[in-house]
Structures are given as C-alpha cells and as structure tokens.
Amino acid sequence: MIRGVQITKIGNQSVLLLHNPYFSLALSLRSSMVDNKLLLVLVPLIVTVAGNITSSVSAIDPALSVIIPLGASSPDSGNGFFPYTLPVKAGDTVTWTNDDTALHTVTSGLPGDYNPGTEFDSSSLAPGTTFQHTFAIGGPFNYYCILHPYMTGNIVVS
Ligand SMILES: [Cu+2]
C-alpha cells in the first residue's frame, strides 16, 4: 500500500517519491522525443526497505505511523514528516520511521521553543530506525526536527 506520493527534487532532477511504512521508492522522470512522440520513462533511483533494517518495522500499524521520507533534510525538498498531521486516539502508540539517509529528531514543541522535548524526544534518530511514543491524553501535539527546524508535524489525539 502506498501512503505517500510526492513529486520533489533530488539535485536537479524531478523525482516521484512513493513511500509507506515499509519502503521508500524514488523514481526519476525522464522525457525525450522519439519519432515526434513524447517518451516518458520512470527510472528507479533509490529504494530503501525499512523492514531489512529493523525487524520491528513489520509490526507497525500504518494508521499510527509517520515517515521521514528520503530527502527530508533538504529545506526545499518539501519533504517533512509524512503525514504532516496524524489523528490518533488517546492510548495509541505512534511510530516514526526515518527512511532518510540523514539523522533527524522527533522533538515535541515548535521551532524556537525555549524548552523543547518536554512531551517526547527521540534525540538523534539514525537512518532506518524508529522512535515510538504513546499519547496518554488528548490534544494537539506539535513536534519538529531540531536538526532541520523547517521539518514540522503534529499529532492530534482525540
Ligand atoms: Cu531532520
């Protein structure tokens, strides 16, 4: 099941990014004119399979999952946390998976907060690893990546 479809840029290439809790697939769109017909070709660029790295990933409920997709560390990639807003119920455990090749953090609060991470903080989350937090009470919970403050998201607990 594909949960996310994005068109983004990696370097100077336009890339179609497909991701779900189990893998990320980046496809480069190439076009050329052949016999006056437009030929479009999708070329696989990068595939990461989170399940190969941590066996616990296969047990993640997709409805309680947030992905950090490939390229998330680039400020103009448009790839932050996916989905940006995740609705859950009190008592649910949310899993964040770092499908990027860079370190990230999942830190409660908003960029610029004096004392971030009071609700939850993954600290440095290595590529291919996961972080979990159980939300006991309702409310909106903002969070961001301390290393890339343009990466923000929120969990809405009902
Ligand atoms: Cu980050």
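Before reading on, note that the structure itself is shown above.
Because the structure is predicted, anything quoted here is derived from the model rather than measured.

**Some points on the overall build of the protein chain**
Helix and strand content of the protein chain: 0 helices and 11 strands. Ordered by position from N to C terminus, the α and β elements of the protein chain give β-β-β-β-β-β-β-β-β-β-β. By the burial criterion, 30% of the 158 residues in the protein chain qualify as buried. Pairs at least 24 apart in sequence give 59% of the contacts found in the protein chain among residues at least 6 apart.

**Thoughts on the sheet that holds strand β11 (residues 152–157)**
Sheet architecture is open: 4 strands sit in the order β6-β11-β10-β8, paired in mixed fashion. Pairing within the sheet leaves two strands with one partner each, and these edge strands are β6 (85–88) and β8 (107–108). With 4 bridges connecting them, β6 and β11 associate as parallel partners. Bridge pairing in β11 places Val88 opposite Val157.

**Side note on the sheet that holds strand β7 (residues 93–98)**
Here we have 3 strands laid out as an open sheet, ordered β5-β7-β9, and mixed in their pairing. Where the open sheet ends on each side, the last strands, each with one partner, are β5 (65–68) and β9 (130–134). Along the sheet, successive strands turn relative to each other by an average axial angle of 15 degrees, direction set aside. Bridge analysis of β5 against β7 gives 4 bridges, and the strand direction is parallel. Looking at the pairing, Val66 lines up with Trp96 of β7.

**Some points on the environment of Val157**
Along the chain, the position of Val157 falls in strand β11. Overall, Val157 belongs to the partly exposed group, with 19 C-beta atoms counted inside 10 Å. Note: C-alpha distance between Val157 and Gly91 (66 residues apart in sequence) is 8.9 Å.

**Observations concerning unusual backbone geometry**
The step from Phe82 to Pro83 runs through a cis peptide bond, and the omega angle for that step is -5 degrees. Looking at the element boundaries, Pro83 is found in the loop between β5 and β6. Unusually for a residue other than glycine, Ser123 sits at a positive phi of about 50 degrees. Note that Ser123 resides in the loop between β8 and β9. On the basis of neighbour count, Ser123 is assigned to the exposed category, with 11 C-beta atoms found within 10 Å.

The rules behind each value
Residues numbered from 1 in each chain as written. Predicted model: local features only at pLDDT ≥ 70, side-chain atom pairs only at ≥ 80, totals over all residues. Helix = DSSP H or I, 4+ residues; strand = E, 2+ residues; numbered from the N terminus. Buried ≥ 20, exposed ≤ 12 C-beta atoms within 10 Å, placed from the backbone. Contact = placed C-beta atoms within 7 Å. Pairing = 2+ DSSP bridges. Axes fitted to C-alpha atoms, helices over the stretch in contact; angles between N-to-C directions.

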